[in-house]
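Residue-level listing of the chains:
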Amino acid sequence: MANVTLKHVYKRFGDLVAVKDQSLKIRDKEFLVLVGPSGCGKSTTLRMIAGLEEISEGTIEIDDQVVNEVAPKDRDIAMVFQNYALYPHMNVYDNMAFGLKLRKFPKDEIDRRVEEAADILGIEELLERKPKQLSGGQRQRVALGRAIVREPKVFLMDEPLSNLDAKLRVQMRTELSKLHDRLQTTMIYVTHDQTEAMTMGDRIVVLKDGVIHQVDDPLTLYNKPNNMFVAGFIGSPAMNFMDAKIVKEGDTYYIDGAGTFRIRVPQDKEKLIKDYNGKEVVFGVRPEDIVDTKINHDFEVKEDNSFKADVEVVEPMGSEIYLYLAEAGHSLIARVEAESKAEVGDTINLGVDLRKIHIFDAETEDAIF
């Protein structure tokens, strides 16, 4: 298998800089996910690794060999596209075998590889069918099979599940993770769906405007985001943000929301906040770290760990309830237990888990903690 290294890579389209100074090392056998909003440069990055886009500046290495000038067919990579790109006039077998036939592989070797890939993907009975006779999920498996038979050093996948319905996407996420475990190969996967990224990636690269904002394992991204963009992008529903100021009373620091709420800074975080005394900050708390104190009897309500908010929308989700709230001009979401009796128009008391709060610099938007 192979590692892939990007060193100070840029991609320019005229005056537009689509990818800016990207440096990244993708480890051998790693499942790495590139995630970010539309237009962030993730597909462009993938296409540069594949050789389908020329890089404007920097170097790309596969197995410690610079491939800037190497043709796509000679990079020993296989790419799975969003639209599957199957040949409609060929059956499944011929679609999967086509690349091997072009490379003049012996027929018995082609048969072996196609049959093995079909077995891995559970599509043995589909080999004689044409693409139009297949469901979306089956077509996706054929596209994966066509990549697997190549036995490449690196698999590149560009939003391969985005055309599938929600239930099938969940199923295929699991299948892809199993496939990676079985093949033990390097996979680089592009998606705009942070749920896909969190559930599949060994590490996740979060991109915005062509810039890498953070590279980490899923739990580190979730618990210790580098900045407000990463904090808001990772997690569903997104993290709540509220304007506030750090104030000190006696030996205790507080997050003060213009007098509408006052949350104590945990003692173990005070050393990180002492230079912000009297300064504007952004207070962040995830919806799942807000509790309805009326029903959560394990939560000890204090003046410095709770606040009041007005309920604007109640959204039952079965096992839990999403409360859409208003607090002094801020719009918030709380993900509370299904037993909550909150109704539209109520003013309710909400507690926050002080161990899981976040503070960001109001100017730079970088995380303080």
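Residues numbered from 1 in each chain as written. Predicted model: local features only at pLDDT ≥ 70, side-chain atom pairs only at ≥ 80, totals over all residues. Heavy atoms only, no water.

A. Geometry of the overall build of the protein. Within the protein, the regular secondary structure consists of nine helices and 20 strands. Along the longest, intermediate and shortest principal axes, the C-alpha atoms of the protein span 80 × 45 × 35 Å. For the protein, buried positions account for 49% of its 369 residues. In the protein, the share of contacts with a sequence separation of at least 24, taken over all contacts with a separation of at least 6, comes to 66%. Per element, the accessible surface of the protein, about 17800 Å² overall, is 46% carbon and sulfur. (Helix = DSSP H or I, 4+ residues; strand = E, 2+ residues; numbered from the N terminus. Buried < 20%, exposed > 50% of the residue type's maximum accessible area, 1.4 Å probe, protein only. Contact = heavy atoms within 4.5 Å. Areas by Shrake-Rupley, 256 points an atom, 1.4 Å probe, with all protein chains shown as cover.)

B. Summary view of helix α5 (residues 166–183). The first and last C-alpha atoms of α5 sit 26 Å apart over 18 residues, in line with the 26 Å expected at 1.5 Å per residue. Every buried residue belonging to α5 is among M172, R173, L176, L179 and H180, and all of these are buried. End-on, the buried residues of α5 take up no more than an arc of 130°, which puts them together on one face. Across from the buried face of α5, at angles greater than 90 degrees, the exposed residues are K167, K178, D181 and R182. (Expected span 1.5 Å × (residues − 1). Arc of directions from axis to C-beta.)

C. Representation of the sheet that holds strand β5 (residues 65–66) in the model. If you trace the four strands from one edge of the open sheet to the other, you get β2-β1-β4-β5, paired in antiparallel fashion. The open sheet is flanked by β2 (16–26) and β5, the only strands paired with a single partner. In the sheet, strand β1 (residues 4–13) pairs with strand β4 (residues 57–62) via five bridges, with the strands oriented antiparallel. By the bridge assignment, L6 is partnered in β4 with I60. The sheet strands contacting helix α1 (residues 42–50) are β1, β2 and β4, and the helix crosses β1 at an angle near 115°. (Pairing = 2+ DSSP bridges. Axes fitted to C-alpha atoms, helices over the stretch in contact; angles between N-to-C directions.)

D. How the structure looks around the pairing of strand β12 (residues 252–256). Along β12, four of the five residues are buried, which leaves the element largely enclosed by surrounding structure. Two elements, strand β11 (residues 240–249) and β12, share five bridges in a ladder whose sense is antiparallel. By the bridge assignment for β12, K245 is matched with D256. Taken together, β11 and the strand that follows it, β12, pair antiparallel across an intervening segment of two residues, in which G250 is found at a positive phi of about 65°. Where β12 lies against strand β13 (residues 262–264), three bridges are found, and the strand directions are antiparallel. Considered in β13, the bridge of D256 is made with R262.

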